[in-house]
Amino acid sequence: MLRKKMFFLAAAISLSLSPLKGWAQNKNAADPLPKTYLLALDSCRNLAISNNKTLQISREAVNSAKWTKKYAISQYFPKISATGSYMWNEKEIELFDLGPIQKQMGQFKQDIQAWPVEIQKLFAPFIQGGGQMLKSIQSDLIWDINNVFIGTVSLVQPIFMGGKIVAANQIANYAEKMALALNDKSLQDLIYSTDEIYWQVVSLANKRKLAESYVQMLQKMDTNTQALIEEGIATSSDGLAVKVKLNEARIALAKVENGLSLSRMLLCQLCGLPLESNIVLQDENLDKHIEVEAEKEHIVSSQVLEQAYENRKDLQALDYMQKIAKKKEAIILSDLLPNIGFTANYLISNPNFFKGFKKDFSGMFNVGVMLRVPITDWIGGSFRRQSSKSQTNIARLQYENAKEQTELQIKQSSFRANEAEKQIKTCFENRSNAEENLQHATYGFKEGVISSLNVMEAQTAWLSAQSALIDAQIEKKLAEAYFNKAIGNLNMDK
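Residues numbered from 1 in each chain as written. Predicted model: local features only at pLDDT ≥ 70, side-chain atom pairs only at ≥ 80, totals over all residues. Heavy atoms only, no water.

### Brief notes about the overall build of the protein
- A tally of regular secondary structure across the protein gives 12 helices and eight strands.
- Classification of the 494 residues of the protein by burial places 36% in the buried group.
- Taking the intrachain contacts of the protein between residues at least 6 apart in sequence as the baseline, contacts between residues at least 24 apart amount to 84%.
- Summed over all atoms, the accessible surface of the protein reaches about 29,300 Å², with 58% contributed by carbon and sulfur. (Helix = DSSP H or I, 4+ residues; strand = E, 2+ residues; numbered from the N terminus. Buried < 20%, exposed > 50% of the residue type's maximum accessible area, 1.4 Å probe, protein only. Contact = heavy atoms within 4.5 Å. Areas by Shrake-Rupley, 256 points an atom, 1.4 Å probe, with all protein chains shown as cover.)

### What about helix α2 (residues 41–51)?
- Where α2 is concerned, the buried positions are Leu41, Cys44, Arg45, Ala48 and Ile49. One side of α2 holds all its buried residues, which, seen down the axis, span an arc of 130°.
- Contacts from the buried residues of α2 go to β1 (36–39), α3 (53–74), α6 (164–231), α7 (236–271) and β6 (278–281). (Arc of directions from axis to C-beta.)

### Focus: the pairing of strand β7 (residues 339–350)
- Here strand β5 (residues 147–160) runs beside β7; their pairing, made up of 11 bridges, is antiparallel. Bridged to Gln157 within β7 is Phe342.
- Inspection of the sheet shows β7 paired to strand β8 (residues 362–372) by 11 bridges, in the antiparallel sense. Residue pairing across strands places Ile348 opposite Gly363, the latter belonging to β8. (Pairing = 2+ DSSP bridges.)

### Let's talk about the side chain of Asn339
- Inspection of the secondary structure assignment puts Asn339 in strand β7.
- With residues near it in sequence (within four places) discarded, Asn339 still touches Phe160, Met161, Gly162, Ser334, Met370, Leu371 and Arg372.

### What about the confidence of the model for the protein?
- The predicted model of the protein averages 82 in pLDDT, with 80% of residues at 70 or higher.
- At the level of individual helices and strands, the protein shows its lowest average pLDDT in helix α1 (residues 2–16), which scores 38, and its highest in α3, which scores 94.
- This model gives residues 1–33 a pLDDT under 50, and the stretch forms 42 contacts once residues within four places in sequence are excluded. (pLDDT = per-residue confidence, 0-100.)

### Side note on the packing of helix α11 (residues 377–447) against helix α12 (residues 452–486)
- Where α11 contacts α12, the axes come no closer than 7 Å and their chain directions differ by 160°. When the interaxial angle is binned, α11 and α12 end up roughly antiparallel. The two elements α11 and α12 meet at a crossing, and its hand is left-handed.
- Split into classes, the residues belonging to the contact of α11 with α12 amount to 23 nonpolar, 11 polar and seven charged. (Axes fitted to C-alpha atoms, helices over the stretch in contact; angles between N-to-C directions. Parallel < 35°, antiparallel > 145°, perpendicular 65-115°, else oblique. Left-handed = near helix turned anticlockwise from the far one by under 90°. Nonpolar A, V, L, I, M, F, W, Y, C, P; charged D, E, K, R; others polar.)

### Details of a nonpolar patch on the surface
- Where nonpolar side chains cluster on the molecular surface, the patch consists of Ile159, Phe160, Ile340, Phe342, Val367, Val369, Leu371, Val373 and Ile375 and spans about 890 Å² of accessible area.
- For the nonpolar patch, the element with the most residues is β8, which contributes three residues.
- Here Ile375 lies in the loop between β8 and α11. (Patch = residues over 30% accessible without salt bridge, like charges linked within 9 Å, V, L, I, M, F, W, Y side chains within 5 Å. Salt bridge = Lys/Arg side-chain N within 4 Å of Asp/Glu carboxyl O.)

### Quick word on the packing of α7 against α12
- Taken N-terminus to C-terminus, the directions of α7 and α12 make an angle of 20°; their axes are 10 Å apart at the nearest point. The angle between the axes of α7 and α12 places the two elements in the roughly parallel class. Once α7 is placed against α12, the crossing between them reads as right-handed. Mapping the contact onto sequence places Asp238, Ala241, Val242 and Lys245 in α7 and Ser452, Met456 and Thr460 in α12.

### Topic: the sheet that holds β5
- What the four strands build is an open sheet, ordered β2-β5-β7-β8; its pairing is antiparallel. Edge positions in the sheet fall to β2 (79–88) and β8, since each has one partner strand and no second. Each adjacent strand pair in this sheet contributes to an overall mean axis angle of 20°, direction not counted.
- Bridging between β2 and β5 involves 10 bridges; their strand directions are antiparallel. If you follow Ile80 over to β5, its bridge partner there is Leu155.

### Topic: the layout of surface pockets
- Approximately 290 Å³ is the volume found for the largest pocket.
- Sort the elements by how many residues they give to the lining of the largest pocket and α7 lands first, with six residues. (1 Å grid on protein atoms, 1.4 Å probe; cavity = no way out; pocket = protein on both sides within 12 Å on 5 of 7 lines; lining within 4 Å. Points joined across faces, edges and corners; volume = space filled by probe spheres on them.)

### A look at the nonpolar core
- If you look at the biggest cluster of nonpolar residues, it comprises 51 residues, and the most contacted ones within it are Leu267 and Leu281.
- Elements with a contribution of two residues or more to this core: β1, α2, α6, α7, β6, α11 and α12.
- With 15 residues, α6 is the largest single contributor of residues to this core.
- Other than its neighbours up to four places away in sequence, Leu281 contacts Leu39, Cys44, Tyr198, Val201, Val202 and Leu267.
- Among the nonpolar cores identified, the runner-up in size contains 11 residues, and Leu315, Ile410, Phe483 and Ala486 belong to it. (Core = buried A, V, L, I, M, F, W, Y, C linked by side-chain atoms within 4.5 Å.)

### Here's the deal with the pattern of salt bridges
- Within the structure shown, the criterion is met by 16 salt bridges.
- Ionic pairing is found between Arg45 and Asp195, a salt bridge with its closest N-O pair at 2.5 Å. Placement of the pair is Arg45 in helix α2 and Asp195 in helix α6, with a sequence separation of 150 residues.
- A relative accessible area of 3% places Arg45 in the buried class.
- Overall, Asp195 belongs to the buried group, its relative accessible area being 2%.
- Residues joined by salt bridges that share partners form a network here, namely Lys164, Asp335 and Arg384.

### Regarding the packing of aromatic side chains
- Counted according to the given criterion, the structure contains six aromatic pairs.
- On the numbers, 6.0 Å between centres and 50° between planes, the contact of Tyr192 with Tyr482 is tilted. Within this pair, whereas Tyr192 is found in helix α6, its partner Tyr482 is found in helix α12, the two being separated by 290 residues in sequence.
- Residue Tyr482 is classed as buried on the basis of its relative accessible area of 19%.
- Between Tyr198 and Trp199, the ring centres sit 5.2 Å apart and the planes meet at 90°, which makes this aromatic pair edge-to-face. When sorted by exposure, Tyr198 lands in the same class as Trp199, which is buried.
- A connected cluster of aromatic rings, assembled from ring pairs, spans Tyr86, Phe149 and Phe361. (Phe/Tyr/Trp six-rings, centres within 6.5 Å; stacked < 30°, edge-to-face > 60°.)

Now the structure itself:
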């Protein structure tokens, strides 16, 4: 089922990218032939890692988490800010209304006109000096605030914030580790997917060789059957039966070739190579690269499980997630506790507020302690704390469930790997028996003591044994990779 899905995926990719063939390097006029790549498994892994967008996204998530951690550390340090403002006012400020006094001075000037001249001369200096004095006083009592400039520099140093800053730094630290774990998980998933497609191509390449050998075998048998028919040893029915088998073998060969082409395109897409590239894999000759080895039993002990729990990156990410949820509880609690901070400010203004609104710049320092005590937030805060505790319980249950699923996955992968180890030895024995049986049947057919039907049965058995051996060899590789992935030990060296 997995291979069928991958075939359909490869076909969809090839159809969707077919308009882009014009820019592929192997379609240039100077290079009309597809470029050939000889790739080993580690080469495909490296190419896939450098080309995969999902892995690049997870790396950016790691970078984001690192910068967030640095931002959280910066919250320990004082915050300094500067503010400047300008304001234009329509009116000036008059501190004292001298209108009534000026009115009385004017009335006194009128009343003194009726007095004798000698008395008027006597009060004249006082009247003249009083008017000048009023004008001077009036000028001093009017403040010019038409153009106002104000600037401040402030410093705020947190002293006690209810543990919020400490909890935020711990969350940022856990978030960075979680991002790293998820990045490693994406890397292992990509390695396994690359291995799966790689060995699928190897499998189909060997099955194509097998199908070609089967077609050649039937072609030779068809020729021999026609010769026996002419000699009167075989019948026309025998010849038709061989031709039917030959046509079926050719159809099967065409299907294998199409599947191999699509699988190669899928591997090219994963490695970032042009889809039309001609790739040759190092392990395509299975008979030279895979031999019968001593059975290796994959035992799942408690020590293996504990090591898997430590190595599995998805479990690490869930563990950090529940730790983050616990620290979020501390942040909500900090909102319900008193907050204390130290403040220092420098204020500068024009007009000078400290010298009668004089038209120059002047400033001053001030320092203080700020205390914030929540009073009515306790009711809503208690609800938020309960909600946060539920989120923590959810994260804990997800982690425990993932551990149980991991144990089941490890045991399943162990059974699969052990079964593959046993199956490959049996398939080698079956192939040897099928080859020997085919030799006897072919010799008997030439001597005329065995019918063509028996020979074709032997050929079919040989084909089935060869195909089963290829599947067993590929299954052994994939089962080993799946087991290493299950225990969190799949890396570039595996």
